[in-house]
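Next come the chains, spelled out residue by residue.
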Amino acid sequence: DVKVTQSSRYLVKRTGEKVFLECVQDMDHENMFWYRQDPGLGLRLIYFSYDVKMKEKGDIPEGYSVSREKKERFSLILESASTNQTSMYLCASTRGTNTGELFFGEGSRLTVL
Amino acid sequence: QKEVEQNSGPLSVPEGAIASLNCTYSDRGSQSFFWYRQYSGKSPELIMFIYSNGDKEDGRFTAQLNKASQYVSLLIRDSQPSDSATYLCAVNAGGYQKVTFGTGTKLQVIP
């Protein structure tokens with residue numbers, strides 16, 4: 001059974017803290033993605049990666065960075081968390097050239113106080 | 001800005017009826033179309049994809065695509081209470097293009 005695992009389901013952080021969200025997939029997928037999901041705004045792409053050490057900006061990369069040192073792991077970093085980054089964060093992966101057949105992790109709900 | 005539009009709902013249908021979920025998109029270059037189901041508090045799950053004009057059936061689900069009208073729909077036959085969820089439409093231009101999601105339609109199937 002395919003699996004995308006996000007390290008933390010719920011996090012509470014304070015403004016200005018550095019936040020790491022980890023994602024691991026066991027499907028040997030080339031492509032990995034970070035989305036955030038907010039009511040009324042839907043799913044918005046933050047960053048994605050097509051290969052190890054490669055990264056591409058999505059639609060809302062400001063305030064975020066990513067790291068992909070190994071094929072199975074894709075990390076999202078909030079250098080200095082702000083209250084407007086309170087959201088549900090979803091990691092996803094796909095195989096090959098069609099990036100629409102996404103497998104999602106369970107999500108990480110981040111609250112920034 | 002590429003856009004994918006969905007009616008937010010809720011769309012309420014009685015158990016056993018056909019639920020019809022609709023989606024329009026703005027980018028004429030779009031090649032691939034996806035429907036995801038998201039239960040409350042859970043992550044999205046891919047249930048259908050369609051790449052060619054016409055209908056594609058999978059069990060109780062039928063995806064319909066009309067590229068000329070820039071319109072894609074999802075029909076759910078014999079709706080069950082377990083189908084109650086938010087359905088997300090997603091579109092991309094194929095290949096390594098980014099996927100754009102609609103904001104979803106909430107479906108409620110009334111027993």
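Keep in mind it's a predicted model, so treat the numbers as computed, not measured.

(A) Layout of the pairing of strand 7 (residues 61-66) of chain B. Residue and element names in this part refer to chain B. In this structure, strand 6 (residues 54-58) lies alongside strand 7, joined through 5 bridges in antiparallel fashion. Along strand 7, the bridge assignment pairs Asp 55 with Gln 64. Connecting the antiparallel pair strand 6 and strand 7 is a turn made up of 2 residues, with Gly 59 showing a positive phi of about 65 degrees. Judged from the 6 bridges that link them, strand 7 and strand 8 (residues 71-76) form a sheet pairing that is antiparallel. Looking at the pairing, Leu 65 lines up with Val 72 of strand 8. The turn joining strand 7 and strand 8, which pair antiparallel and follow one another in sequence, is formed by 4 residues; a positive phi near 55 degrees is taken by Gln 70.

(B) Focus on the interface of chain B and chain A. With 19 residues of chain B in contact, the opposing surface of chain A contributes 24 residues. For the pair chain B and chain A, the summed buried area comes to about 1700 Å², and 54% of that belongs to carbon and sulfur atoms. Where chain B packs against chain A, one counts 0 salt bridges. Counting the contacts that link chain B with chain A gives 5 residue pairs in polar contact (both at pLDDT 80 or more). The greatest single-element share of the side of chain B that touches chain A, amounting to 4 residues, is contributed by strand 4 (residues 32-38) of chain B.

(C) Highlighting the pattern of salt bridges. Residue and element names in this part refer to chain A. Counted according to the given criterion, the structure contains 10 salt bridges over all chains. A salt bridge links Glu 69 to Lys 53, with the nearest nitrogen and oxygen atoms 2.4 Å apart. Linking Glu 69 in strand 7 (residues 65-70) with Lys 53 in the loop between strand 5 (42-49) and strand 6 (56-57), this pair joins segments that are 16 residues apart in sequence. Considered together, Glu 69 and Lys 53 belong to a single accessibility category, that of exposed residues.

Cut-offs used in this document
- Residues numbered from 1 in each chain as written.
- Chains lettered and ligands numbered in written order.
- Predicted model: local features only at pLDDT ≥ 70, side-chain atom pairs only at ≥ 80, totals over all residues.
- Heavy atoms only, no water.
- Pairing = 2+ DSSP bridges.
- Helix = DSSP H or I, 4+ residues; strand = E, 2+ residues; numbered from the N terminus.
- Contact = heavy atoms within 4.5 Å.
- Buried area = accessible area lost by both parts, 1.4 Å probe.
- Salt bridge = Lys/Arg side-chain N within 4 Å of Asp/Glu carboxyl O.
- Polar contact = N/O pair within 3.5 Å; in protein donor to acceptor, adjacent residues only side chain to side chain.
- Buried < 20%, exposed > 50% of the residue type's maximum accessible area, 1.4 Å probe, protein only.

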